[in-house]
Amino acid sequence: MDELYLLRSLGYILIAAAVVVVLAGRLRIPSIVAYLAAGLFLGPVSGLLTVSEVIHLIAEVGIALLLFLVGLELSLDRIRDVGRVAVLAGIGQVVFTAAGGLLIAMVLGFTLMESVFLGIALTFSSTVVVVKLLDQKKELDSLYGRIAVGIFLVQDLVVIVALTFLAGLGDPDALSAAGLSLGLGRAFGGMALLLAAALLAARYVLPRVFAWVADSPEPLLIWSLCWCFIFVISAEVLGLSLEIGAFLAGISLAQLPYSHELQRRVHPLMNFFLAVFFVSLGVQMEFGGALEHAVPAIVLSLFVLLGNPFIFMFIITKTGYGRRTSFLTSVTVAQISEFSFIFAAMGLATGLIDDSILSLIGVIGVVTIAASSYMILYNHELYGVASRTGLLRIFSTAGEDPSPAASGSTGHVIVVGMNALGRRLVELLSERGETVIAVDTDPHKLEGLPGSAVIGSADHFAVLEEADLSRARLLISALQIEDTNILLTWWGRKLGVPVSIHAFDQSVVDDLEATGANHLIYSKNTGVQRIAAELRRVGVLD
Amino acid sequence: MAGLAILLAGAAVGLGLARWLKLPAIPLLIVAGVLLSLADVLPPAELLQDSLLLGLTFLVFLSGVELSPRRVGRQRRAALQVGAAQFFILGGLGLIASLALGFALAQAMYLALALSASSTLVVVRILRSRKQMFEPFGRLVIGVLLLQDLLVILLIPAVVRVPEGAVAAVTGLAAALALTGLALVTLRWITPLIVTRLSLDDEGTLLVALAILFAYLGLAELLNLPLVAGAFLAGVSLSAFPVSGIMRAQLNSLSDFFAALFFTALGGSLVLPSLAGLAQAGVLAAVVLLATPPLVTMVAERAGHSARSAIESGLLLAQTSEFSLIVGLQALAFGHIDQEIFSIIALITVATMILTPFISTDRATWRLMAFHPVRRGLHVREDLHDHVLLLGCGDNGMPLLETLVSAGHEVLVVDDDPAVIERLREGEVPAIRGDGADLEVLRAAGATRARLVISTMRRPQDHLALLDLVQGVPVVVRVFEPDDAAAISLRGGTPILYSHAAADEFVRWLAQADKVGLDRERRAHPR
């Protein structure tokens, strides 16, 4: 194969994706849809790209990183709260959708075997799609986000169990009671083992180990990725999915004080790898026999888009959650998964179904993923419409929705860089009665300060967002890093927040002024003035 | 997946070792790769190859993004002189040494190119940890590094085509220049438009950056240029402010990730050189280590730097670059050098990078200062008694000097900046050119007989020699961090906390500004 195959493929993928994203920029289409469109263009339409092993590897790394991020975002306590509803809804939906899909397919005239495959394929919903969108909306940590993540993890386990049975279909020995319990025991035993490893490490090992590298970003990133991959591989060895492994690795690092900074650093990597995943998903679509199945495609897509949320609404309102939470959770599951394609391809390989079924599942996949991306992106608006029209009255519930979380700070002062100047400023400003948010990369430097703190590098806009920059009344940088100071000035100007920057040396003044800093802190000038004051005090000057 | 995990584990070990031993990361990542290959757990060759390729692309791309002349500040001229001198003279010495060691001309050229640049990644890391990025000498060193990166990238397209004859080499250079032109157009007009107008989210921003990278890689291939040229120029087209700042946040972790894989994979793909190869590597490393410091020192001093900062620059630049490895990889890909020569280049790089932290110390600088002619010309001011000794007097110190002089004090200034000394002498203020941390200079300035010493020197540790020397004389010292202030008080000095002074002044300003309204407040503070 061509030595530059990888670069060439990545080139096609990234350029096509960027073109679609830029063209669609103002339309605000979900990036997933853009990626799928780019993939459809590169694969089925133009045939420019074929998916090889290494692209597949990159796509898998993308999924692992995404779930690692989810784990980092959610600590175990947050997930435990939603355990019951996740188990009930997760299992309930699998049973309902599989049965419903099977029935509809039979009615539409498919053979029993084909109907079984269609039913199961429709059952999987895509963790990757949903989590990606929730992450984009920054709502992973909301109540409905957590329930959704919980449900997907339960479904992941259900899928593993289902696959154990399916493997049994081909191998009579494994179908015996002993074989089945061995398979199930392995899955649950492995899960318990990994979970225990994650929790023990989180408690006894990781805090100490990671504290040692906390102040240098490079080892921190590589070590945590390495930790993630250890779990992914262990999960594979134990017969679990890579998603579960990566998620548990993330969970075990979530309680570290710099987990947010770690998230911000893993995020661009994940975006890169995951773009490859989604585009390659589009590339692999085959629509050979799709036309002959136009009617089933529409009917089954509608079933996934409407039926799935319906059954979820039903189960979740019954477990005591409010209508809003139930609705938002339910909307997330209205799509089938990349795994459905793999599953269908397995069926094709064993000769149980023909390729028209595979392309039918492909069409349903593209339609439901695209449509549900919009549904998730505009879920709050959708809820508004549904509740105004009274559609949701049929679901009775005793549960209440959580009141909207208090929004962040306003009118506060942000101080970046906890060197002696930064720390002193935080102290003096707090004494003056200001609300202060201190920002630094090093957790140690933030210790013992009044007010609240954000750990992270101010080079990342997300850090400034976390400090509610747009609503701040003043942004101060005490840093002695020219590039960051100029960037901070620029962000401040852009958002209309006054900026005061430490001009630690004469050589940085011109650029800061040109960028539009409102005020400069001349530490050298004031320092020299204080020397003069000291000389006056001891009588050298009068 | 397993292969990737192994590579990542190797990188994790390398980075851990680097942190533990306080050494630069690159050589230890390479060593970790070598260890993987010795333990025979290397991932499949295709994965290594792909990691090398992707890593190289991102590494060069990011150095293009970092190519910002702003960082060099007013040191541009000096950086140009020092950078070019080091690049070409060291390259020349490398060529002669390689030919003398028995390499053929084609191979010697690559070795020379590999020796001629210093490592941006290593040096910037050291400068940052010592907080010297924005000292004049730090800016000089950064300018030198940026220039050398640029020169290497521009020369690779020419050198790889030398075997095809002079015309091909010139065509290569011309194509590289054409692509550079396109990069400048993109830099000036296109990327600012995309990044600031389209209001993309993080994901969109990252995609645009990567699409530009791969578009340039494609163009480089069309123009028959090496990939590194495309990657570097793609980076350059993103290097304008504010694009570079926004991009850097998105690209940094990608580059950290791929760079770690790159150096580990590189270590894994090395073959052990023969004994003769080891000896050759030793000789060439010695050329870098011995020739760079005096060469840089001389040129930097001619360009107006103080003796101490010129020596510091020289010591800091005495290593080969990550770009040397990239030169080697390109040559290997074109079949112009063999594995043995590539291993020699890697060996030189590992050795010189590991030695850098040990060479570029304060102690080494002072040892070399002893040989410096500047100190021989010191004129000891026996005549001075009860004077005020002012150590360091830049723009900010001038008002203080004037106040002291007009109050009738006899003031002697010590400063290492030739421009400052010249100005003072014109104003007929007695001044000594030299370093205030240098005991010889302090003795010549009659520090022990002064009625007061004021030190505004930049680095905290510089005050310590002074305090030990002038027991009994009151010493007022500039410091920034409270810890340093404590150390000064302990030795009997009076620390002035610039940080606290600035904070107090800031709060005063804020109280005033709040009266007029903060939004309307613009530059109320005097310059």
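What you see is a predicted model, and the numbers here were worked out from it, not measured in a lab.

K.L.:
Got a sec to walk through helix 17 (residues 398–406) of chain B? Specific residues and values, please.
P.N.:
Buried within helix 17 of chain B are the following residues: L400(B), L401(B) and L404(B). Along the axis of helix 17 of chain B, the buried positions cluster into a sector of 100°, meaning they face one direction only. For helix 17 of chain B, the elements touching its buried residues are helix 24 (523–537) of chain A together with strand 1 (388–391) and strand 2 (411–415) of chain B. Two residues or fewer past helix 17 of chain B, G408(B) is found with a positive phi of approximately 90°.

K.L.:
Got a sec to walk through the packing of helix 3 (residues 53–73) of chain A against helix 7 (residues 127–137) of chain A? Specific residues and values, please.
P.N.:
Residues and elements named next belong to chain A. Orientation of helix 3 relative to helix 7, taken along the N-to-C sense of each, is 55°, at an axis distance of 10 Å. Judged by the inter-axis angle, helix 3 sits oblique to helix 7. The way helix 3 lies across helix 7 gives a crossing that is left-handed. Taken together, the residues of helix 7 that come into contact with helix 3 (itself represented by I63, L66, L69 and V70) are V128, V131, K132 and D135. Tallied by class, residues from the contact of helix 3 with helix 7 come to 6 nonpolar, no polar and 2 charged.

K.L.:
Can you tell me about unusual backbone geometry, naming the residues and giving the values?
P.N.:
Note that the residue after F241(B), namely P242(B), is joined by a cis bond; omega there is 0°. With respect to the helices and strands, the residue P242(B) is situated in the loop between helix 10 (227–236) and helix 11 (243–268). Non-glycine residue D468(A) carries a positive phi angle of around 55°. Examined against the element boundaries, D468(A) turns out to sit in the loop between helix 21 (461–466) and strand 4 (474–477). The class of D468(A) is partly exposed, set by 17 C-beta atoms lying within 10 Å.

K.L.:
Just give me the short version of the interface of chain A and chain B, but keep the residues and values in it.
P.N.:
Interfaces are frequently sized by the accessible area removed from exposure as the parts join. The interface is formed by 78 residues belonging to chain A together with 80 residues belonging to chain B. Contributions of two or more residues to the side of chain A that touches chain B are made by helix 1 (5–23), helix 3, helix 11 (217–237), helix 13 (259–283), helix 19 (420–431), helix 22 (482–495), strand 6 (519–521) and helix 24 of chain A. Ranked by the residues each element gives to the side of chain A that touches chain B, the list is headed by helix 11 of chain A, at 11 residues. Residues that form the side of chain A that touches chain B fall into these classes: 47 nonpolar, 17 polar and 14 charged.

K.L.:
How would you explain the pairing of strand 4 (residues 452–455) of chain B if you had to name every residue and give the values?
P.N.:
Residues in a regular strand project their side chains so that they alternate between the two faces of the sheet. Residues and elements named next belong to chain B. Alternating positions in strand 4 separate into two faces, L452 and I454 on one and V453 and S455 on the other, with burial throughout. In this sheet, strand 4 lies alongside strand 1 in parallel orientation, the contact comprising 4 bridges. Its bridge partner lying in strand 4, V388 is registered against L452. Sheet analysis places strand 4 next to strand 5 (residues 475–479), joined by 3 bridges and oriented parallel.

K.L.:
Which residues make up the sheet that holds strand 2 (residues 436–440) of chain A, and what values go with them?
P.N.:
Residue and element names in this part refer to chain A. In space, the 6 strands of this open sheet follow the order 3-2-1-4-5-6, with parallel pairing throughout. On the outer flanks of this sheet lie strand 3 (452–455) and strand 6, each paired with one strand and no other. For this sheet, the mean inter-axis angle between neighbouring strands, taken without regard to orientation, is 20°. The pairing of strand 2 with strand 3 spans 4 bridges and is classified as parallel. Opposite D440, over in strand 3, you have I455 as the bridge partner.

Parameters at a glance
Residues numbered from 1 in each chain as written. Chains lettered and ligands numbered in written order. Predicted model: local features only at pLDDT ≥ 70, side-chain atom pairs only at ≥ 80, totals over all residues. Buried ≥ 20, exposed ≤ 12 C-beta atoms within 10 Å, placed from the backbone. Helix = DSSP H or I, 4+ residues; strand = E, 2+ residues; numbered from the N terminus. Arc of directions from axis to C-beta. Contact = placed C-beta atoms within 7 Å. Axes fitted to C-alpha atoms, helices over the stretch in contact; angles between N-to-C directions. Parallel < 35°, antiparallel > 145°, perpendicular 65-115°, else oblique. Left-handed = near helix turned anticlockwise from the far one by under 90°. Nonpolar A, V, L, I, M, F, W, Y, C, P; charged D, E, K, R; others polar. Pairing = 2+ DSSP bridges.

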